[in-house]
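Structure at a glance
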Amino acid sequence: MNKADLRKKYKILRSELDEETIDAFSLEISNRLLSLDIWDHEFYHIFLSIESLKEINTDFILSILSGKDKNIVIPKSDFKTRTLQNFLLTDSTKIQLNKYNIPEPVNGIEINNSKIDIVFVPLLTFDQKGNRIGYGKGFYDNFLASCKPETIKIGLSFFEPETRIDGLFEDDIPLDYCVTPNKTHTFKLS
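In this text the structure is predicted, and so the values were computed from the model without any measurement. (Residues numbered from 1 in each chain as written. Predicted model: local features only at pLDDT ≥ 70, side-chain atom pairs only at ≥ 80, totals over all residues. Heavy atoms only, no water.)

**Comments concerning the overall build of the chain**
Broken down by element type, the chain carries four helices and eleven strands. In terms of overall dimensions, the chain is globule-like: its C-alpha atoms have a radius of gyration of 16 Å, near the 16 Å expected for 190 residues. Taken over the C-alpha atoms alone, the chain extends approximately 45 × 40 × 35 Å along its principal axes. Across the 190 residues in the chain, those meeting the buried criterion constitute 48%. By sequence separation, contacts in the chain at least 24 residues apart represent 69% of the contacts at least 6 residues apart. (Helix = DSSP H or I, 4+ residues; strand = E, 2+ residues; numbered from the N terminus. Rg over C-alpha atoms; globule rule 2.2 N^0.38 Å. Buried < 20%, exposed > 50% of the residue type's maximum accessible area, 1.4 Å probe, protein only. Contact = heavy atoms within 4.5 Å.)

**Considerations on the side chain of serine 26**
Mapping serine 26 onto the fold places it in helix 2 (residues 19-33). In this structure, serine 26 is in contact with Ile56, Asn57, Phe60 and Phe158, ignoring residues within four places of it in sequence.

**A few points about the packing of aromatic side chains**
For the structure shown, the criterion picks out eight aromatic pairs. Ring geometry for tyrosine 10 and phenylalanine 159: centres 5.5 Å apart, planes at 55 degrees, overall tilted. Pair noted here: tyrosine 10 is in helix 1 (residues 3-15) and phenylalanine 159 is in the loop between strand 9 (152-156) and strand 10 (177-179), with a separation of 149 residues, a long-range link. On the numbers, 6.3 Å between centres and 70 degrees between planes, the contact of phenylalanine 126 with phenylalanine 187 is edge-to-face. (Phe/Tyr/Trp six-rings, centres within 6.5 Å; stacked < 30°, edge-to-face > 60°.)

**Observations concerning empty space enclosed by the protein**
Using the criterion set out here, one finds one cavity of 30 Å³ or more in the structure. If you trace the largest cavity, you find it lined by Arg14, Phe47, Glu55, Ile56, Pro122, Leu123, Leu124, Tyr135, Leu156, Ser157, Phe158 and Phe159. A class-by-class count of the residues in the lining of the largest cavity yields nine nonpolar, one polar and two charged. (1 Å grid on protein atoms, 1.4 Å probe; cavity = no way out; pocket = protein on both sides within 12 Å on 5 of 7 lines; lining within 4 Å. Points joined across faces, edges and corners; volume = space filled by probe spheres on them. Nonpolar A, V, L, I, M, F, W, Y, C, P; charged D, E, K, R; others polar.)

**A look at unusual backbone geometry**
Glycine aside, a negative phi is what most residues show, and trans is what most peptide bonds show. The backbone of arginine 82 sits at a positive phi, close to 55 degrees, despite the residue not being glycine. Mapped onto the fold, arginine 82 is located in the loop between strand 2 (71-78) and strand 3 (83-88). Its identity as a non-glycine residue notwithstanding, asparagine 101 has a phi of 65 degrees, on the positive side. As for its position among the elements, asparagine 101 is in the loop between strand 4 (95-97) and strand 5 (103-105).

**So, the layout of surface pockets**
Of the pockets and cavities examined, the largest pocket occupies roughly 710 Å³. Along the walls of the largest pocket sit 36 residues, with Tyr135, Gly136, Lys137, Phe139 and Tyr140 positioned nearest its centre. Among the secondary structure elements, those contributing two or more residues to the lining of the largest pocket are helix 1, strand 2, strand 5, strand 8 (132-133) and helix 4 (139-146). Across the lining of the largest pocket, the residue classes tally to 21 nonpolar, five polar and ten charged.

As structure tokens, this is what we get:
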């Protein structure tokens with residue numbers, strides 16, 4: 001299936017999930033993350049959930065990161081340049097919804113992309129080779145391209161992978177892992 005059809009399919013599937021299911025799936029995904037060998041790093045980038053789009057509730061992952069005393073980095077979107085500016089999440093970080101209902105930091109300590117070790121990547125779907133489809137604006141494609149090559153990219157998905165995504169671009173960056181409520185999919189070759 002092509003990207004446009006898959007976006008449509010998974011937006012519909014997500015819209016059918018109720019809050020209880022979203023929380024149960026999100027908790028299962030978070031628990032699965034604990035078995036990955038990723039917890040000895042310093043800077044962890046995570047998106048804050050857009051509730052209106054029924055995204056994975058990342059509060060559970062934020063609790064794990066906080067409990068492990070990790071540096072948590074959260075994004076702020078620049079819709080003119082389609083880039084992410086990334087900030088350290090601290091006790092004094094003020095979060096507010098932007099005009100697209102995305103929770104974002106108002107300001108704070110900016111973190112250079114080269115410092116980020118782990119990225120939890122939002123997505124609508126992914127395939128069996130680790131290719132992902134987001135909302136189509138390119139924010140994460142641009143961001144991941146600017147991270148260091150060894151940055152570990154972990155997708156979070158309510159659903160299992162498609163066999164294949166048609167219409168991929170040469171500069172699309174695949175995931176190293178994708179965690180669903182039922183399984184951890186590994187694409188990393190090392």
